[in-house]
Amino acid sequence: TRHKGGGHKRRYRIIDFKRDKDNILAKVISIEYDPNRSARIALLEYTDLEKRYILWPVDLKVGDEVISGESVEPKIGNSMLLRNIPPGTFVHNIELKKGKGAEIVRSAGTYAQIMAKEGNLAHLKLPSGEIRMVDKRCMATVGQVGNIEHNTWSYGNAGRSRRFGIKP
């Protein structure tokens with residue numbers, strides 16, 4: 001592809017898009033830069049001392065506690081089933097198929113809004129404006145993805161663009 005290639009070497013951080021450690025409390029240890037995505041990532045340490053990265057939601061701070069499960073409190077950073085999240089709530093990191101892991105709304109500053117629930121489907125308004133129906137048994141994380149100002153950022157000079165893998 002034209003204008004792609006080169007750039008600084010990157011190490012891949014494995015992100016937990018499934019959030020399958022149900023009902024185990026986790027504490028936010030740090031919020032870090034990830035060269036592989038536009039959003040920042042948060043490092044969680046669970047009570048069983050396992051550590052995992054998640055996408056960092058806005059207003060989640062170091063020291064906050066998050067949890068995932070079927071029926072947990074709908075507060076920022078918690079991952080839960082769409083059927084348990086109240087309508088009007090902003091969510092991100094949404095599964096399209098139950099148990100597959102998050103597939104949509106993962107970029108910096110994005111969120112979807114739960115518009116309504118009907119039968120086994122939840123109506124989500126996506127960042128594109130599309131209203132999409134998703135199974136209510138799918139997981140989503142409450143809140144908006146962090147690093148909102150990502151799209152206002154300027155490279156500044158040609159050398160910096162090259163380090164990001166953008167050729168002239």
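The coordinates are above.
Residues numbered from 1 in each chain as written. Predicted model: local features only at pLDDT ≥ 70, side-chain atom pairs only at ≥ 80, totals over all residues. Heavy atoms only, no water.

### Quick look at the sheet that holds strand 3 (residues 51-55)
Note the threshold: Strand pairing is assigned whenever DSSP detects at least two bridges linking the two strands. Helix and strand assignments come from DSSP, with helices taken as H or I runs of at least 4 residues and strands as E runs of at least 2, each series counted from the N terminus.
With respect to topology, four strands assemble into an open sheet ordered 3-2-1-4, the strand pairing being antiparallel. Each of the sheet's edge strands pairs with one partner strand only, and the pair in question is strand 3 and strand 4 (65-66). With six bridges joining them, strand 1 (residues 26-32) and strand 2 (residues 41-46) adopt antiparallel strand pairing. Opposite Lys27, over in strand 2, you have Glu45 as the bridge partner.

### Some details on the pattern of salt bridges
Filter applied, for reference: A pairing counts as a salt bridge when a side-chain nitrogen of Lys or Arg comes within 4 Å of a carboxyl oxygen of Asp or Glu.
Across all of its chains, the model carries nine salt bridges by this definition. A salt bridge links Arg37 to Asp34, with the shortest nitrogen-to-oxygen separation between them at 2.6 Å. Across the salt bridge formed by Glu50 and Arg52, the nearest N and O atoms sit 2.9 Å from each other. Among the charged side chains, a network of salt bridges with common partners joins Asp16, Asp20, Lys21, Asp48, Glu50 and Arg52.

### Some details on a nonpolar patch on the surface
What counts is decided by this rule: To count toward a patch, a residue needs a relative accessible area over 30% and no salt bridge; like charges are then connected within 9 Å, while nonpolar side chains (Val, Leu, Ile, Met, Phe, Trp, Tyr) are connected within 5 Å. Each accessible area is a Shrake-Rupley result for a 1.4 Å probe, and residues are judged covered by the shown protein chains and nothing else. Throughout, exposure labels follow a simple rule: accessible area from a 1.4 Å probe, protein chains only, divided by the maximum for the residue type, with under 20% read as buried, over 50% as exposed, and the rest as partly exposed.
Judged by side-chain polarity, Tyr33, Trp153, Tyr155, Phe164 and Ile166 come together as a nonpolar surface patch covering roughly 460 Å² of accessible area. Residue placement: Tyr33 occurs in the loop between strand 1 and strand 2. On the basis of relative accessibility, which here comes to 45%, the residue Tyr33 falls in the partly exposed class.

Everything listed is a geometric property; what it means functionally is a separate question.
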